[in-house]
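Notes for the structure review
Residues per chain are reported as follows:
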Amino acid sequence: MPGVKSLEDLQDLRDETLKKRELVEQSAEIEITVGIGTPGIAVGARETMKAILQFIEREQISGVTVRQTGNIGMDSWEPIMKIRVRDFPVVTYGKITADLVEPLLRSHLLKNKPLSEFVIDA
Amino acid sequence: MDTKELSVENIQKTVRSACEAHGYEREAIIPVLLEVNRTLGYLPTPALVEVGRHLRTPVSQVFSVASFYYLLTVEPRGKHVIQMCESAPCHVMGGRQLYRAIIDTLGIEPGRTTPDGKWTFILTSCLGTCGVGPVVQIDDDLYGNLTPAKLKPLLARYTNGGE
Amino acid sequence: MSIIRSLVLVSADPYSLQRGSMEVFETIRQELHRRELADEVEVRLARDLGRHDIAPMVIVYPEAVVYGPVMPEDVPFLIEEHLYKGRIAPGLQVPVREISGRIAWVTARKGTLPAQQPILLSRAGKIDPENIEDYLIHDGYLALGKALTGKTPDEVIDEIKKSGLQGRGGAGFPTGLKWGFVRRAEGDKKYVICNADESEPGTFKDRVLLEGDPHAIIEAMTIAGYAVGADEGYIYIRGEYRLAQERFGIALDQARAYGFLGKDIFGSGFKFDIHMHSGAGAYICGEETALIESIEGKRGEPRPRPPYPTTNGLWGAPTLVNNVETLANVPHILRNGWQWYHRFGTPNSAGTKLYTILGNVNTTGVIEVPMGITLREVISIYAGGMKDGARFKLAQTGGSSGSIVPSSLQDTPMDFESFRKAGVSLGSGALLICDENTCVIDLARVLLNFFRKESCGKCAPCRVGTQRAYFILTRISEGIGRFEDLATLETLYKGLYQLSNCGLGNTAGVPLQGILTHYRAEVEAHIRNKVCPTGICSMSGALVAAEPVFH
């Protein structure tokens, strides 16, 4: 276990982690983030997350990282998911229940066309 | 939350493991009671006595704590507990209509259990998920943006689940 | 910079241009000149407002009303109705998703408005809260390291004092001063408590922080421990916040494994650890002395004050009790310095504030804005306007015990100073926004119902007063209220304020007082005419409940 005993230790740990992250990010073309906070869960964010993982596995898409984060802050638009494809800006989608995951990812990831009617921030 | 297996051994075992997890000091009383409540569904009198014995605290004091907090209950409840938030934010966001719908669907007033023992309906203060109000909590799961139309299918998921 | 009353955006994407949006734009300009409104209203083109099916589109702010498709011949009518008479032009408005409007507004006004400035929320909602690495690459534990290796406890307290940080739990007490009290209090054993028993209805900012960025609170509590001379901390998280407890537990384990908690932190010889304590469902435990009682394993009944927890707290030892949001500011201040902190907010209320927005608006949730933003700005910018185009009636700031803000106070800057002057309180930062379909009697009844249930029952003014007020309000809502009831209600809220033992009873009557002051006519209509103007109260005339039994 790394025991941090000085500011230098902290700096080293941070640099090391950053380097590791960069490597992961380079290999991942697509990053999907789902807001898993209490309001999200209350309107089905966990089911959304499950549907995303299933879709990726079924379609055998490689280079995708799926992450969770806390409450994003726009509760009435939950479940919220963010997609970043390569260097394009992050697109935030709102009210993405599990049944919407497939059409959305099919359009955004496979055809490279974000579904504008669900975009809440870009 | 099955109440039929409340044998003396079961109660003793539950209290013992809760005390092992949270300690035997007086300050452990709330965590211990919370865990026992979660495992048994409520706090039967023998459990209170048992907690008092382990923590070397008079039963009267155990009871006074158990009866103070909303998450602790000394009365048995139905198989499923539906809690509805009755605070102002949920109220103005459609809680009024939802409240009537729950009463009509279950046929019971708040604080009561259905005759078949399947549901207990209680009103609760804010659950802190007001952004997606009105909110209900069924057992441990929260449901937001609930409308009277979505209520019936939701309840059916619990009663038809074969649990 | 000139001050404008309204901003009109005309869509100018290729599709809109093809369908004549430039003509619309020109016609609007001419029409504004003709009506001499050109100085008050600004017209701009917006590259893309997102909806091609209703192009060309016109959006009018601050109401964020979307019109479309708008043809040049519609313009005179639109201007006359919306900008001259001040109402929504019938027939032209599209019931669209307000999303496009929100983005357009923020884009168009970037730099001129108090934009959302995330400090506390800079990580929550972006990082993975269950992974300490995410926290570390975002400057995590840097403030702790700097404090432990480069500052004395007194210097840390001094930094907090100079920053002007005020408690965010509701009372607004200067944080640095409180830290100083605990540091100077006599005793070898001291405690730090983080009050995360956030049970004020409508408030969930602390939950967002705990669920989204738990390490920030661990770091802040450890810094506080170092500053006041405590080696043990407690965090009291309300029992309903299961996910927050789970995530905080994970974060605690990680912090211990990395050596940010435990013995000899950062090689400084300072030791500190944190216990997590779950609440069991009691609003009153948000009161600091009740919270302490509850940690000690008793009923959560408040202690008489003084003595204050700063000298006689947990197990009689000097104890620092701070709210989650207050603590979340600490690492940022220590990392960037107090001067940096003064760049946000107003001179008397530094920093940013988290607000939870709820009620009849389009976007609910949590926002972080500098102190001093107005309610109107919050509603039209961050909340995406009122839901279904309804009109704003009132807001309640700060949860159940918060003040009622009528529409006449919509433009008061929201900071501790200005609100105090206007006679309203900022409270915990909940903004419950109600539209014209809200009945004030019904609202007051729901609020009093909350207090009568949450009153711990220790002192009579609160126990009986809240019951009485609830009963009278119920009677009025059933159409059998009497005029004497109003005088009784006034006596009750005064009595609650003056005689109750703790903050719960003191403030239980605040919304009631606000309603009786600002909405007297509506209340009297219930009594004199037996009519509920919004049609919400049942007015059935039935005696719903017998006089409640007091015990």
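Residues numbered from 1 in each chain as written. Chains lettered and ligands numbered in written order. Predicted model: local features only at pLDDT ≥ 70, side-chain atom pairs only at ≥ 80, totals over all residues. Heavy atoms only, no water.

1. Describing the sheet that holds strand E13 (residues 403–406) of chain C
Backbone hydrogen bonds hold the strands of a sheet together, and the pairing may be parallel or antiparallel. All names here are of chain C. Heads up, the rule is: In this description, strands pair whenever DSSP reports at least two bridges between them. Numbering of helices and strands starts at the N terminus; helices are DSSP runs of H or I of at least 4 residues and strands are runs of E of at least 2. Geometry is summarised by axes, namely lines fitted to C-alpha atoms with helices restricted to the contacting stretch, and by angles between N-to-C directions that run from 0 to 180 degrees. In this analysis, two residues are considered to be in contact whenever any of their non-hydrogen atoms come within 4.5 Å of each other.
Across the sheet, five strands lie side by side as E11-E10-E14-E12-E13; this open sheet has mixed pairing. Looking at which strands have only one partner, the edges of the open sheet turn out to be strand E11 (365–370) and E13. For this sheet the average axis-to-axis angle between neighbouring strands, irrespective of direction, equals 30°. When strand E12 (residues 392–397) meets strand E14 (residues 430–435), the two strands line up antiparallel, connected through five bridges. Across the sheet, the residue bridging to Ala395 is Ile433, located in E14. Across the sheet, helix H21 (residues 510–518) touches E12 and E13, and the angle it forms with E13 is around 30°.

2. Quick notes on a nonpolar patch on the surface
All names here are of chain C. To keep it simple, the criterion reads: Nonpolar side chains (Val, Leu, Ile, Met, Phe, Trp, Tyr) within 5 Å and like charges within 9 Å form the patches, drawn only from residues with over 30% relative accessible area and no salt bridge. Accessible areas in this description were obtained via Shrake-Rupley with a 1.4 Å probe; residue shielding takes into account the shown protein chains only. Think of a salt bridge as a Lys or Arg side-chain nitrogen and an Asp or Glu carboxyl oxygen that are within 4 Å of each other. Only protein chains enter the area calculation, which uses a 1.4 Å probe; residues under 20% of their type maximum are buried, those over 50% are exposed, and those in between are partly exposed.
Taken together, Leu17, Met22 and Leu45 make up a surface patch of nonpolar side chains, about 240 Å² in accessible area. Position of Met22 relative to the elements: it lies in helix H2 (residues 21–34). Met22 sits in the partly exposed class, given a relative accessible area of 38%.

3. Comments concerning the sheet that holds strand E1 (residues 80–85) of chain B
All names here are of chain B. An order of E2-E1-E3-E4 is seen for the four strands of this open sheet, with the pairing classed as mixed. A single partner strand is all that each edge strand has here, and the edge strands are strand E2 (119–124) and strand E4 (141–143). In this sheet, adjacent strand axes meet at a mean angle of 20° when their direction is disregarded. In this sheet, E4 lies alongside strand E3 (residues 136–138) in antiparallel orientation, the contact comprising three bridges.

4. Focus on the pairing of strand E10 (residues 352–359) of chain C
All names here are of chain C. With respect to burial, E10 is a largely interior element, eight of its eight residues being buried. Pairing of E10 with E11 involves six bridges; the strand directions are antiparallel. Paired with Thr352 across the bridge in E11 is Pro370. Counted between consecutive antiparallel strands, the loop separating E10 from E11 contains five residues.

5. Things to note about the interface of chain C and chain B
What counts is decided by this rule: Buried area, as used here, totals the accessible surface that two parts lose on assembly, with accessibility defined by a 1.4 Å probe and the loss added over both. By the criterion applied in these results, polar contacts are pairs of N or O atoms within 3.5 Å in which, for protein atoms, one can donate a hydrogen and the other can accept it, and in which residues neighboring in sequence qualify only through two side-chain atoms.
Taken together, the 47 residues of chain C in the interface contact 32 residues of chain B. For the pair chain C and chain B, the summed buried surface comes to about 3100 Å²; carbon and sulfur atoms form 57% of the total. A per-residue breakdown of the area chain C buries against chain B is headed by Arg242, Ala280 and Arg299 of chain C, which together make up 18% of the total. At the junction of chain C with chain B, the criterion picks out three salt bridges. Applying the counting rule to chain C against chain B returns 20 residue pairs in polar contact (both at pLDDT 80 or more).

6. With respect to helix H8 (residues 175–184) of chain C
Looking at H8 of chain C, one finds that the buried residues are Thr175, Gly176, Lys178, Trp179, Gly180 and Val182 of chain C. If you follow the buried residues of H8 of chain C, they end up packed against helix H7 (153–163), helix H10 (214–228), helix H12 (288–295), strand E9 (319–323) and helix H13 (324–336) of chain C.

7. Concerning the interface of chain C and chain A
Rules: Classification convention: Asp, Glu, Lys, Arg as charged; Ala, Val, Leu, Ile, Met, Phe, Trp, Tyr, Cys, Pro as nonpolar; all other residues, Gly among them, as polar.
At the junction of the two partners, chain C supplies 44 residues and chain A supplies 37 residues. Where chain C abuts chain A, roughly 3200 Å² becomes buried across the two surfaces, and 50% of that area is made up of carbon and sulfur atoms. The shortest N-O distance in the salt bridge between Arg67 of chain A and Asp134 of chain C comes to 3.1 Å. Seen at the junction of chain C and chain A, the total is 21 residue pairs in polar contact (both at pLDDT 80 or more). Here the side of chain C that touches chain A is composed, by residue class, of 17 nonpolar, 12 polar and 15 charged.

8. What to know about unusual backbone geometry
Each neighbour pair has its own omega, and for Glu78 of chain A with Pro79 of chain A the value is -10°, a cis peptide bond. Looking at the element boundaries, Pro79 of chain A is found in the loop between strand E2 (64–69) and strand E3 (81–85). A cis amide bond, omega -15°, links Gly68 of chain C with the succeeding residue Pro69 of chain C. With respect to the helices and strands, the residue Pro69 of chain C is situated in the loop between strand E4 (65–67) and helix H3 (75–84). A positive phi angle is found at Phe266 of chain C, which is not glycine, with a value near 55°. Looking at the element boundaries, Phe266 of chain C is found in the loop between strand E7 (262–265) and strand E8 (270–278).

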